[in-house]
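Inside the fold
The lines below spell out each chain.
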Amino acid sequence: LETDLAVAGGGLEVLTPAGEVVIAELRRMITSHQHTRKTAAEITPAGIPLLCRRDGDEVELQVLDAAGEQFGTWDTTGELRYLDSGTAYLFILDPLALPQLGHEMRALGLSGEVLTAEGDQAAAYGSAFDRLRAEGIDLRRRTLAVVVTKADMVAKLPSGRDLISSAAASDAIRDWLIEMGADRLVERIVRDFPKARYFLVDSMGTRSGSDPLSPLGPLQWALQINK
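Okay, so let's go over this structure. (Residues numbered from 1 in each chain as written. Predicted model: local features only at pLDDT ≥ 70, side-chain atom pairs only at ≥ 80, totals over all residues. Heavy atoms only, no water.)

**Describing the pairing of strand β3 (residues 57-63)**
Definition in use: Pairing between two strands is assigned when DSSP locates at least 2 bridges connecting them. Helix and strand assignments follow DSSP, with helices taken as H or I runs no shorter than four residues and strands as E runs no shorter than two, numbered in order from the N terminus.
With seven bridges joining them, strand β2 (residues 48-54) and β3 adopt antiparallel strand pairing. Residue Leu51 lies in a different strand from β3, and its bridge partner there is Glu60. Between the end of β2 and the start of β3, which pair antiparallel, lie two residues, with Asp55 showing a positive phi angle near 50°.

**Regarding the environment of Met153**
For clarity, the threshold we go by: Only protein chains enter the calculation, and the probe is 1.4 Å; a residue is then buried if its accessible area is under 20% of its type maximum, exposed if over 50%, and partly exposed in between. The contact criterion used throughout is that any non-hydrogen atoms of two residues lie within 4.5 Å.
Note on placement: Met153 falls in helix α7 (residues 151-154). With a relative accessible area of 4%, Met153 lands in the buried category. In the structure, Met153 is positioned 14 residues away from Leu139 in sequence and 32 Å away in space, judged by C-alpha atoms. Once residues lying within four places of it in the same chain are set aside, the contact partners of Met153 are Leu96, Met105, Leu110, Glu113 and Val114.

**Here's the deal with the environment of Leu132**
Position of Leu132 among the secondary structure elements: in helix α6 (residues 121-134). According to the relative accessible area criterion, Leu132 is buried, its value standing at 0%. The sequence separation of Leu132 and Gly47 amounts to 85 residues, and the corresponding C-alpha distance is 21 Å. Leave out the neighbours within four places in its chain, and Leu132 touches Leu83, Asp84, Tyr89, Ile137 and Leu139.

**Details of helix α10 (residues 216-225)**
Listing the buried residues of α10 in full gives Leu216, Gly217, Pro218, Trp221 and Ala222. At its buried positions, α10 is contacted by α1 (2-7), β4 (88-93), β5 (143-148) and β6 (197-200).

**Quick word on a nonpolar patch on the surface**
Note the threshold: Patches draw on residues past 30% relative accessible area with no salt bridge. Two like charges within 9 Å are joined, as are two nonpolar side chains (Val, Leu, Ile, Met, Phe, Trp, Tyr) within 5 Å. Using a 1.4 Å probe, the Shrake-Rupley method yields the accessible areas, and only the shown protein chains count as cover for residues. Salt bridge criterion: a side-chain nitrogen from Lys or Arg within 4 Å of a carboxyl oxygen from Asp or Glu.
Taken together, the side chains of Val22, Leu26 and Ile30 define a hydrophobic patch exposed on the protein surface, amounting to about 220 Å² of accessible area. Take Val22: it is sitting in helix α2 (residues 17-31). Val22 sits in the partly exposed class, given a relative accessible area of 35%.

**Comments concerning the packing of aromatic side chains**
Put simply, the test is: Only centres within 6.5 Å qualify two rings of Phe, Tyr or Trp (six-membered ring in Trp) as a pair; their planes then separate them into stacked at under 30 degrees, edge-to-face at over 60, and tilted for everything else.
Using the criterion set out here, one finds six aromatic pairs in the structure. With a centroid separation of 5.1 Å and an interplanar angle of 75°, the aromatic rings of Tyr89 and Phe129 are classed as edge-to-face. With Tyr89 in strand β4 and Phe129 in helix α6, this pair connects stretches of sequence that are 40 residues apart. Across the pair, exposure class does not vary: Tyr89 and Phe129 are buried alike. Between the aromatic rings of Tyr89 and Phe193, the centroid separation amounts to 6.3 Å while the plane-to-plane angle is 65°, which identifies the pairing as edge-to-face. Of this pair, Tyr89 sits in strand β4 while Phe193 sits in the loop between α9 (170-192) and β6, and the two are 104 residues apart along the sequence. Owing to a relative accessible area of 6%, Tyr89 belongs among the buried residues under this scheme.

**What about the sheet that holds β3?**
Rule in force here: Axes, fitted as lines to C-alpha atoms, cover a helix only where it is in contact. Angles between the N-to-C directions of the axes lie from 0 to 180 degrees.
Spatial ordering of the open sheet is given by β1-β2-β3, a layout of three strands whose pairing is antiparallel. In this open sheet, the two edge strands, each paired with only one partner strand, are β1 (11-14) and β3. Strand after strand, the sheet turns through a mean of 20° between neighbouring axes, direction not considered. In this fold α2 packs onto β1 and β2, with an angle of close to 75° to the strand it touches most, β2.

**Considerations on the nonpolar core**
Quick reminder of the rule: The criterion is simple. A nonpolar core is a set of buried Ala, Val, Leu, Ile, Met, Phe, Trp, Tyr and Cys residues joined through side-chain atoms within 4.5 Å.
Among the nonpolar cores identified, the biggest contains 39 residues, and Phe129, Leu144 and Leu177 are the most heavily contacted of them. The set of elements that each furnish at least two residues to this core consists of β4, α5 (99-107), α6, β5, α7, α9 and β6. Element by element, the count of residues in this core is highest for α9, at eight residues. Residues within four places of Leu144 in sequence aside, it is in contact with Tyr89, Phe91, Tyr125, Phe129, Ile189, Phe193, Ala196, Arg197 and Trp221. Listed in part, the seven residues of the second largest apolar core include Leu5, Ile48, Leu50 and Cys52.

The quantities given are spatial measurements derived from coordinates; they are silent on function.
Following this line, the structure appears as C-alpha cells:
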C-alpha cells in the first residue's frame, strides 16, 4: 500500500506513535521476508490509524489485529464490537490448511517452508457471522471478500497451478475452493453474502497494485465499497 500510494503521488502516514512502532517492525519483517509474529491471544485489539492520500483523496484506515483465538466462540467474537458495525468484511482464508493442499505440501516436502493456519477456519467464520445473524443483522445487506492467501505456495502445488492463471476471476477461485473440499464453507458464504467476491493474493512477492495477485486488490475493493 505504501509503495502504491507513493507511485500515485500520494503517501501513507501512521497517525499515532504506538502505530509507528508496530508498522516499523512489520515493515522490517516483511522486507526481510521473515515470518510475522503470532498475535498474542490476551491482547485486546487496538486500532492502528493510517492516513492514505491518493489522487487528491484522503482515507483513514483503522487496522485492528485480533488473535485467531478470539474467533473461537460467539462470546469471544462478541467482544470485537467493530464487527457489528462493519459494512464490508475481509475473510482471510489459508488454503494450505485445506486437507488436499496439506497432503500435497507434505508429499513435496514443502510443509516446513511456511506457517499454516491452525484450527477450523469454517468455525472461525461461523463464530463471527452466525452470531451477527442471530442478533438480527441482515448480512445480505453487507458485503464480503474471501481472501485466499499464499498464492506463491499454491502455485507450487499440482492442485493450484491452473488457479494462478485465473486469479482475477472471482468465480474461478470460488469453484476451486469447492474442489479443494471447502464446499460447505462456500455454501454458507453464498447464503450469507450472495454477492461475495473472491481474491487470491501473494503477499510475499513484489507486485503492483494492478496485478491480480496483489494484496492491494481486496483493500481497494473494501475502500470502494465503503465510499
